[in-house]
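So the chains spell out like this:
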Amino acid sequence: WASAAALPVYVATLFFGTLFCGASGSLARRAGAQLAAMQDIAGQLPNAGCGSAAVARASGAGQRLLLARYRRAAEGASRANFLLAAACKAWVSLRVTLCSSFLVAAF
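Owing to the predicted nature of the structure, the values given are computational and were not obtained by experimental measurement.

## Digging into the overall build of the protein
- Helix and strand counts for the protein come out as two helices and zero strands.
- Out of the 107 residues belonging to the protein, those deemed buried represent 20%.
- Considering only contacts within the protein whose residues lie at least 6 apart along the sequence, 77% involve residues at least 24 apart.

Dropping the structure here:
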């Protein structure tokens, strides 16, 4: 009877596992895309690296726009990484709770 009693636990674990995989995959892709955007923007900024050719601009508006884009990309990457860590922590908490509740119920 123990295997029949454990069936809802396995179904719940499978369900939440698919939710976790979908969430963590999309968050990891989003963080990677934001970090790639940050690298692209950093390459466009004047004085970004030694020997890089700075594009002449009439005013600092172009640089301010690039810095604002860089800031938004950094915020997006940090949010995605924070949420990914929170999702991993929630997944571990869920697994511990399900396993301990099954052990308490079974024994």
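## Structural notes on a nonpolar patch on the surface
- On the surface, Phe15, Phe16 and Leu19 cluster together to form a nonpolar patch covering roughly 290 Å² of accessible area.
- Within the secondary structure, Leu19 sits in helix α1 (residues 2-44).
- Exposure remark for Leu19: the relative accessible area of 46% places this residue in the partly exposed category.

## Regarding the confidence of the model for the protein
- With 80% of its residues at a pLDDT of at least 70, the protein reaches an overall mean of 78.
- Considering only residues more than four positions removed or in separate chains, one finds that residues 50-54, a stretch of pLDDT under 50, has two contacts.

## Notes on the packing of aromatic side chains
- Taken as a whole and assessed by the stated rule, the structure comprises two aromatic pairs.
- Ring geometry for Phe15 versus Phe16: centroids 5.2 Å apart, planes at 70°, classification edge-to-face.
- For Phe16, a relative accessible area of 35% puts it in the partly exposed group.
- A centroid spacing of 5.5 Å and a plane angle of 15° characterise the contact between Phe20 and Trp91, whose relative ring orientation is stacked. Of the two residues, Phe20 is situated in helix α1 and Trp91 in helix α2 (residues 61-106); the sequence distance between them amounts to 71 residues.

## Digging into the environment of Gln34
- Turning to its location among the elements, Gln34 is positioned in helix α1.
- Placed 40 residues apart in sequence, Gln34 and Ala74 show a C-alpha to C-alpha distance of 6.9 Å.
- Sequence-distant contacts of Gln34, defined by excluding residues within four places in its chain, comprise Arg72, Ala73, Gly76 and Ala77.

## So, the side chain of Ser24
- Along the polypeptide, Ser24 turns up in helix α1.
- Here Ser24 falls in the buried class, since its relative accessible area comes to 14%.
- A polar atom in the side chain of Ser24 sits 3.3 Å from the backbone oxygen of Cys21.

## Some points on the pattern of salt bridges
- Using the criterion set out here, one finds one salt bridge in the structure.
- Across the salt bridge formed by Glu75 and Arg71, the nearest N and O atoms sit 3.0 Å from each other. You can see Glu75 and its partner Arg71 sitting in helix α2, four residues apart, about one turn around the helix.
- The exposure class assigned to Glu75 is partly exposed, which follows from its relative accessible area of 30%.

What counts, and where the lines are drawn
- Residues numbered from 1 in each chain as written.
- Predicted model: local features only at pLDDT ≥ 70, side-chain atom pairs only at ≥ 80, totals over all residues.
- Heavy atoms only, no water.
- Helix = DSSP H or I, 4+ residues; strand = E, 2+ residues; numbered from the N terminus.
- Buried < 20%, exposed > 50% of the residue type's maximum accessible area, 1.4 Å probe, protein only.
- Contact = heavy atoms within 4.5 Å.
- Patch = residues over 30% accessible without salt bridge, like charges linked within 9 Å, V, L, I, M, F, W, Y side chains within 5 Å.
- Areas by Shrake-Rupley, 256 points an atom, 1.4 Å probe, with all protein chains shown as cover.
- Salt bridge = Lys/Arg side-chain N within 4 Å of Asp/Glu carboxyl O.
- pLDDT = per-residue confidence, 0-100.
- Phe/Tyr/Trp six-rings, centres within 6.5 Å; stacked < 30°, edge-to-face > 60°.
- Polar contact = N/O pair within 3.5 Å; in protein donor to acceptor, adjacent residues only side chain to side chain.

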